[in-house]
Each structure stands twice: as C-alpha cells, then as structure tokens.
Amino acid sequence: MSEQRKRPAGGPVVGAKRSAGGARQEEERDDNAMMTDEIEGLEFEDPYGDVFEEESLEDNEVDEEDIEEVEGEEFDATHGDGMQTSEPAAEAVEEPASAKQVWRPGIDQLPEGEELEYDPSAYIMYHSMRTEWPCLSFDVIRDTLGDNRLRFPLTMHLVTGSQADRPEKNKLTLLQLKDLHKTYVAPESDDENDHDEDNDDDLDEDPTIDHVNINHYGGVNRVRAMPQRPGVVATWADTGHVHVYDLSELTQSMMAGSVPRPNAPTKPVFTSTAHRAEGYALDWCPTNAGRFAAGDCAGGIHVYQPQSSGTSWECVSSSSGGFQGHTDSVEDLQWSPTEQTVFASCSVDRSIRIWDIRDKSKAQIVAPNVHAADINVITWNARVGYLLASGCDDGSFKVWDLRRIRTDASNPLAYFTYHKQPVTSIQWNPHDESMLAVSSADDQVSIWDLSVEADQSTSEGVAGEYPPQLLFLHLGQKNVKELHFHPQIPGVLVSTAEDSFNIFKP
C-alpha cells in the first residue's frame, strides 16, 4: 500500500474545473454564490464548477468573467451521497422532476453523456479548495476559539504537507480558513415571506484563506500536529527522515490576526535519522505532551521524547534498535487515548500489535492475520478505550474489542466490505463513540453509525442494498488520501485527495 500514497505523476494541480457534459443554459452568477478566492496557489472553488465566457466591451477589450450554472435539483433523503445525475439540456425546457435521481455508487452505472451533479441540499456546509501541489496528508490544529462550536460562519486552522515534483519545492502550509458559511439552498417556494431572512448572514458567503508557507525538503508522507501545543508539528519525509518543526509563534500570530508576522523557520528543530527507510506511521501521544512514535517501511518503530529544554527531541529507542516485531512495513500508529505508555501499530504483514514502551523487547498483544491483505490504517476510539478500527487494502474495515483480540482475533465486533478499493484513512468521530468515517481509493468518503442494527426482516436478501449502518456518502474527489473530523467543531469533516481539499458537514 505504501507506493499508492506517493505523489501522482505530472505537474501541479491548480484550479482544474469540472468539464461540461453537453450543452447547458448559462446563468449569471448569483450574488450569494461562492466566489473563487486565490492566494498564491490556494483557492476556494465553487462546488457547481465554473465556466468562462468572453464579453465584448465598448472599447473592444475582452474581459473574462466567472459565471456559474445553477440548476434546480432534487435530493432523495433515503441515500445521503449528495450526488445525482442529469441529462444534458437540449433546450430551455423545464424537465420533469422524475428525470432527476440519486446516483448510487457501486449499484448504478453512469450512462454515456450524463454527469454527476452536486446537490447542495445534502450538506449543511460544503466548501472545496485546491492547492498548488497535491497535499496527501494534513492535520487539524487546535485553536483557542472554544470547543463544541456550532455557530456559523466557522473558522478552522490546518497544517498541510505537499508532494511536489522536486524535493526542494515542497513545503508545509499553515492555513486559517475563515467565513465558512452554510451552503445555500434555494427555497422551494417563490414566496419571499417563506424564506427565513434571519439566517441570511449564515449562508454561502465567500470564504477567505490566510496562509504561511514553510520550506520542507522532500515530499511530506505524513504530518501531525501536537494536540497539547498547537504549532508544534512532526513530519515524515520521503527522504527517510522524521522532522519536528516549531511553528508556535506563527500559529499564535495567525490566530490573533497580528501583523507583521514572525519569520517562518528555515529548518526543523529536530531531525531523526534512526529509521532505515522512509515511512508513513506517525502519531503524537494525547496523554503525554511531546511524546510521539514513528514507524517505517522496514518494519521499525521508534519513540521520541522531548528533552528537558522542550525545544528538541531525542529517540529513546535507538539503542535497542526500536520496537521490533513486524515483518513488513508499519503503515499506521495510534497511541492509547488513556494510557500514556501504550500504542498500537498495524502492518503490511496483516497483524495488529499493542506495545508498552516500558518493554521494548516484544509487543504485549499480537493479533496476526486479522485481515486478508495489508492493513493500511487504524484508529483508536477516544471515548471507548477498548475499541479499535482497522482499514485494509482490500477495501474492508473491521472494529475490534481489544479486551479479547488476543484470544479471539477471528471475530471482530463489526466487519464491512462496502468499499472495493484500498481504505486510505479511518477515524472515529471524537464527539460520538459509535460513529466513524472511512475514505477509500474508490473516490468515496463513507460515514457510519455502528449503533444501528440491521433489520433482518426487511434487508435480508435484497440485492444491492446499502448496509443500514451507512449514513452518508461523500463523492467528488479523486483518490481520497486522508480525512479528519474537526475535534472542536462537531460533525465537520475535512478530506484531502489528489485533486482537492473538501470541508463539509453533512
């Protein structure tokens, strides 16, 4: 699986737009519609897709102007995928509502000449953003704006890592995304009195981006922000080195809106050369500030501790050769949400192992062959400490009870085979212990509620039916690589793919 996370061949991805699927009626841009906001290779996108037309001016000069297509759409609440198909408009005649339908991935085929249309009624909030180079890993930076934020417009802070075509072109980027409004859905009634004007301020205004770039030599395989100290960031570089950057001053300045800003650091405060190969597994300990672990493609795992000065780190496992046991690439790591010395790892060798850093000689729990292929990702439930979920290269994911995985590894609590391509990211919802999100190379993000039980009387034997635990499908990105729930804004997800970032709340 490791090779699949590399930067795709080709140049930078910059503002590619959705291609039209036939002749269409073009409408003038709505004053309330989202406008593109470009800042040095970063831009928010109109989810409908923009086209360009040339307009002749009186002085015979040509001025390019974005216009947006806005078509009446229907949404079937029985399937939360937020996508639908439409016939190319042959003439300006209103089509019957029955011509619109929800497209079901894996069940429906997309006929030639038709294309998927984004339906805003499927989302409370949806925004799309493109970067100069693909960013295949990112993390949410905790801020000082408070927890459990529900009021729109929203503000959030991210750190991203690029995969450029040359090592010296790569960078970390601190992002502040502001004015993230609700997605506007046109009222069904033409009666202006039926429209809730009190909520107009929350709807579909232009988001804004503030950003700072930090040079990073080599592509960023994985980036993680320390939860206890916003702005302290660890990275796995494709050069085979693990780095720590202290971006605290920049982060604090960005959150406070201070100008001028401190200069961006030109090098990391710490670089590790303890690993024998590059890697992807990286995680900060949530219960011990500054402690983190990294796993590499050679099967090695090392743990790092901050020095007494707090400005540098040391590898505390290098003398023993690290935590050895996996026979193939370590793909992901997760620290226990409650025990500061315990972490879990998964590997291409198809095993899940639980380690205690007080005993480097062996894993405390070894669960071999728990999947039929490479295990790409794991996630430890922060609200129920004995639940662990794992995602596999065959598209399946399983949920485990760690109290019995050692003796009963053949019987997970849950086992789903909905995705047909490798699972690339998985995460429990930090605000709901029964809910988790999964991304896959099949271009889908799925959201699941494991508290839902199947009704055998209605679902057994029905071909092509979705699992009852599947709540929502998010489409529209190419080869989704990573997702995160926002830890301070309930229900909000951010996902990154080869072609874009999506920020959304179903």
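We now turn to the structure provided with this report. (Residues numbered from 1 in each chain as written. Predicted model: local features only at pLDDT ≥ 70, side-chain atom pairs only at ≥ 80, totals over all residues. Heavy atoms only, no water.)

### Describing the pairing of strand 18 (residues 292-296)
Then, in step 1: Within strand 18, 5 of the 5 residues are buried, leaving the element largely enclosed by the surrounding structure.
Then, in step 2: Of the two faces of strand 18, the one lined by Phe292, Ala294 and Asp296 and the one lined by Ala293 and Gly295 are each fully buried.
Then, in step 3: Sheet analysis places strand 17 (residues 279-284) next to strand 18, joined by 5 bridges and oriented antiparallel. Pairing of Gly279 across the sheet is with Asp296, part of strand 18. (Buried < 20%, exposed > 50% of the residue type's maximum accessible area, 1.4 Å probe, protein only. Helix = DSSP H or I, 4+ residues; strand = E, 2+ residues; numbered from the N terminus. Pairing = 2+ DSSP bridges.)

### Some details on the packing of aromatic side chains
Then, in step 1: Evaluated as defined, the whole model comprises 19 aromatic pairs.
Then, in step 2: Here Trp284 and Phe292 contribute two aromatic rings whose centre-to-centre distance is 4.9 Å and whose plane-to-plane angle is 55°, an arrangement assigned as tilted.
Then, in step 3: Classification of Trp284 by relative accessible area gives buried; the value is 4%.
Then, in step 4: Put simply, the rings of Tyr118, Tyr123, Tyr126, Phe472 and Phe504 pair up and form one aromatic cluster.
Then, in step 5: Cation over ring: Lys398 sits above Tyr415, and NZ or CZ is 4.7 Å from the ring centre.
Then, in step 6: Between the NZ or CZ atom of Arg403 and the centre of the ring of Tyr386, over which it lies, the distance is 3.7 Å. (Phe/Tyr/Trp six-rings, centres within 6.5 Å; stacked < 30°, edge-to-face > 60°. Lys NZ or Arg CZ within 6 Å of the ring centre and 35° of its normal.)

### Some points on the pairing of strand 33 (residues 480-485)
Then, in step 1: The element strand 33 is largely enclosed, with a buried count of 6 among its 6 residues.
Then, in step 2: Here 5 bridges tie strand 33 to strand 34 (residues 493-497), and the two strands are oriented antiparallel to one another. Note that in strand 34 the partner of Glu482 across the bridge is Thr496.

### Some points on the sheet that holds strand 31 (residues 445-449)
Then, in step 1: Reading across the sheet, the 4 strands line up as 29-30-31-32 and stay open at both edges, with antiparallel pairing between neighbours. This sheet does not close on itself; its edge strands, each paired only once, are strand 29 (423-428) and strand 32 (470-474). The average angle at which neighbouring strand axes cross in this sheet is 15°, direction not considered.
Then, in step 2: Relative to strand 31, strand 30 (residues 435-440) is paired through 5 bridges, and the arrangement is antiparallel. Directly across from Leu436, in strand 31, lies its bridge partner Trp448. (Axes fitted to C-alpha atoms, helices over the stretch in contact; angles between N-to-C directions.)

### Brief notes about helix 1 (residues 248-256)
Then, in step 1: Those residues of helix 1 lying buried are Ser248, Leu250, Thr251, Ser253 and Met254.
Then, in step 2: Each element contacted by the buried residues of helix 1 is listed here: strand 10 (154-161), strand 11 (171-180), strand 12 (208-215), strand 14 (232-237) and strand 15 (242-246).
Then, in step 3: Where helix 1 ends, the next residue or the one after it, Gly257, has phi of about 75°, a positive value. (Contact = heavy atoms within 4.5 Å.)

### A short note on the sheet that holds strand 11
Then, in step 1: The antiparallel open sheet is built from 4 strands, whose spatial order is 9-10-11-12. The open sheet has two edge strands with one neighbour each: strand 9 (137-140) and strand 12. Sheet twist, expressed as the average angle between the axes of neighbouring strands with direction ignored, equals 20°.
Then, in step 2: Here 7 bridges tie strand 10 to strand 11, and the two strands are oriented antiparallel to one another. Each residue of the ladder has a partner; that of His157, found in strand 11, is Gln176.
Then, in step 3: On the sheet, helix 1 packs against strand 10, strand 11 and strand 12 and is oriented at approximately 15° with respect to strand 11.

### Observations regarding the pattern of salt bridges
Then, in step 1: Within the structure shown, the criterion is met by 14 salt bridges.
Then, in step 2: Here Arg224 makes a salt bridge to Glu482, at a shortest N to O gap of 3.1 Å. In this pair, Arg224 is assigned in strand 13 (residues 220-225) and Glu482 in strand 33, connecting sequence segments 258 residues apart. The burial state of Arg224 is the same as that of Glu482; both residues are buried. (Salt bridge = Lys/Arg side-chain N within 4 Å of Asp/Glu carboxyl O.)

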